[in-house]
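Listed below are the residues making up each chain.
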Amino acid sequence: MPDDAGLQALREAARLSPDNLPLRQHLAGQLLARGYLADAEAEFRAALVLSPKNPEIITGLAEAFVRQSAYGSALAALEPLLAEPGYPPRAGVLAARALAGEGDLGRAAYRYFEAISRDPALADPEFAARLNPPPAPPPVPQPPVPHGPALVTPQPGSPLAPQSNAEVQSSGLTFADVAGMEAVKEALRVKLLLPIQQPDLFAAFGKRAGGGVLLYGPPGAGKTHLARAAAGELGAAFVNVGLADILDMYIGSSERNLHATFDLARRNRPCVLFFDEVDALAARRSDMRQAHTRQLVNQFLAELDGVDQNANEGVLVLAATNAPWYVDAAFRRPGRLDQPVFVPPPDAAARAAILRILCRDKPLAEMDFDAVAKVTEHFVGADLKGVVDRAVEAKLQQSISAGRPIPLSTPDLLAAAQSVRPTAVREWMATARNYVMHANDSGAWDELMPWVKGKW
Ligand code: ADP
């Protein structure tokens, strides 16, 4: 690093040849390294005029901004760079710092872990610890949405009318329809089903039924399928709530819709109330800039807690997420979604079992599902369903041409497996590994440890 005199000489040289890009860039870098942040910023800006899309200059400028706590400017500078796939990992780390500076820890964590998964040398455990969700403060007491007549008398069909777009379904599936996952099924049986099936036993130990379970794991691994089967296993109604059912554009009416959905479940006890993609609803509240979103989360917590001891008796809340690290710690308090259950990607035996279930009502030749399981490493249930659907389609075409049904065979599945790419399990495991390794102080992700250590 040049001393002050050397730096002065560099400045002088740059003044004399203002269009010399490498020189200006070098000067800017040196100023940054020496901590002359405002000067570095000016130099990077000048360099950027000469080479507007230069990633090194953009990241240099962003660093100058971040170190001056000008987080918004840093994010604005980085934005075009981050829009490109494969952007420099250093840009991702700077974006993470800027987002964290703005209090947006959820998105900061996403950027940070994505970046260091590509360049581990950039890891900064101290910064990572800040991203680890701290225990959230207790929810601000929120006046519950009135159970009696609503404050504003809504016109039926008006956007303010509390309504649940969710439907009550009877599940039709049981655990017999869920292949593999023996440990997960057992965990659900104990946590959800036994208290209802054997209430006396539970009461004897001073336990109450109710509360919820957070199912988490890679997309397509079967969380929804499992929730539906849990309802069937219990002989309970099934209410499946997508976020679209709840988050609507009318501020204030989302809370009412949410309340109406819980009430729908309460009127249909025993009922499994299933929330998919709960991370979007339950994203850490610090991430939520808009007061009404925060209010919706508080309403959700209030509904989970229930107005009294018996409010949610016989209502089992299952929530699913692919991104458990974004779920507010307040959701995991006792009596809420306090029991995280990992829904893993299937191993070979489970893949064979899933294929067997998916094919069971089709005309079949003699099948070797183990052979198909062998060539579908990293496939989850949804991918396997894709394989079977594709093979069936091809067979249907052949049957139409032949004028008679031709049964599905092992080579059909093997051929279909060649043309289906497994979805995001690898990426999911990479992200999970980052959380387990770098943000697991509270031990929240211990269950994932053996999984992320495997080969993916
Ligand atoms: P997720 O909710 O985790 O994204 P889904 O439950 O929607 O995944 O799974 C997609 C499909 O894959 C299901 O509809 C089901 O047909 C199939 N599937 C997934 N896991 C299993 C399993 N263990 N046994 C049988 N079918 C499964």
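As recorded in an unreviewed UniProt entry, the protein chain goes by AAA family ATPase and comes from Nonomuraea salmonea.

(A) Main features of the overall build of the protein chain. Across its full length, the protein chain holds 21 helices and six strands. Each of the 456 residues in the protein chain was classed as buried or not, and the buried ones make up 46%. Counted over contacts in the protein chain with a minimum sequence separation of 6, partners at least 24 positions apart contribute 72%. Accessible surface, the protein chain as shown: approximately 21,900 Å² in total, 55% of it carbon and sulfur.

(B) Just the pattern of salt bridges, in detail. Taken as a whole and assessed by the stated rule, the structure comprises 16 salt bridges. Across the pair R15 and E12 runs a salt bridge, and its minimum N-O distance is 2.8 Å. One end of the pair, R15, and the other, E12, are both in helix α1 (residues 4-16), three residues apart, so they sit about a helical turn from each other. Residue R266 is joined to E303 by a salt bridge in which the shortest nitrogen-to-oxygen separation is 2.9 Å. Of this pair, R266 sits in helix α13 (residues 253-267) while E303 sits in helix α15 (residues 291-305), placing them 37 residues apart in sequence. Judged by relative accessible area, which is 4%, E303 ranks as buried. A cluster of three or more residues bridged by salt bridges with shared partners is formed by E63, R67 and R90.

(C) Structural context of the environment of L31. One can find L31 in helix α2 (residues 21-33). A relative accessible area of 1% means that L31 is categorised as buried. A C-alpha to C-alpha distance of 8.8 Å links L31 and E41, two positions ten residues apart in sequence.

(D) Fine view of unusual backbone geometry. Although it is not a glycine, M181 adopts a positive phi angle of roughly 50°. Residue position: M181 is located in the loop between β1 (168-170) and α9 (182-197). Residue classification places M181 among the buried residues on the basis of a relative accessible area of 16%. Positive phi, close to 50°, is recorded for E277, a residue that is not glycine. Following the sequence through the fold, E277 ends up in the loop between β4 (271-275) and α14 (278-282). We classify E277 as partly exposed; its relative accessible area is 48%.

(E) Seen up close, the site of the ligand. Of all residues adjacent to the ligand, which total 16 residues, the nearest are A179, G220, K223, T224 and H225. One nitrogen or oxygen atom from the main chain of G222 is found 3.0 Å from an oxygen atom belonging to the ligand. In the model, an oxygen atom of the ligand is placed 2.6 Å from a nitrogen or oxygen of the T224 side chain. Relative to its free-state accessible area of 560 Å², the ligand is covered by the protein chains to the extent of 83%. Breaking the shell around the ligand down by element, the ones donating at least two residues are α11 (223-234), α16 (348-359) and α18 (381-402). Residues that form the shell around the ligand fall into these classes: eight nonpolar, five polar and three charged. Structurally, the shell around the ligand is a two-domain feature, drawing no fewer than three residues from each of domain 2 (168-342) and domain 3 (346-450).

(F) Focus on the nonpolar core. Counting 84 residues, the largest nonpolar core has L78, Y112, L226, W325 and L448 as its most contacted members. Beyond its immediate chain neighbours, meaning those up to four positions away, Y112 contacts V93, A96, A123, D124, P125, F127, A128 and L131. The next biggest cluster of nonpolar side chains, apart from the first, holds 26 residues, and it includes L214, I246, V297 and F300.

(G) Quick peek at the pairing of strand β3 (residues 237-241). For β3, a buried count of four out of five residues is recorded, marking the element as mostly surrounded by other parts of the structure. In this sheet, β3 lies alongside β1 in antiparallel orientation, the contact comprising three bridges. Across the sheet, the residue bridging to S170 is A237, located in β3. Sheet topology note: the β3/β4 ladder contains five bridges and is parallel. Residue pairing across strands places V239 opposite L273, the latter belonging to β4.

What counts and what doesn't
Residues numbered from 1 in each chain as written. Predicted model: local features only at pLDDT ≥ 70, side-chain atom pairs only at ≥ 80, totals over all residues. Heavy atoms only, no water. Helix = DSSP H or I, 4+ residues; strand = E, 2+ residues; numbered from the N terminus. Buried < 20%, exposed > 50% of the residue type's maximum accessible area, 1.4 Å probe, protein only. Contact = heavy atoms within 4.5 Å. Areas by Shrake-Rupley, 256 points an atom, 1.4 Å probe, with all protein chains shown as cover. Salt bridge = Lys/Arg side-chain N within 4 Å of Asp/Glu carboxyl O. Near = heavy atom within 4 Å. Polar contact = N/O pair within 3.5 Å; in protein donor to acceptor, adjacent residues only side chain to side chain. Nonpolar A, V, L, I, M, F, W, Y, C, P; charged D, E, K, R; others polar. Domains from an automatic or database assignment. Core = buried A, V, L, I, M, F, W, Y, C linked by side-chain atoms within 4.5 Å. Pairing = 2+ DSSP bridges.

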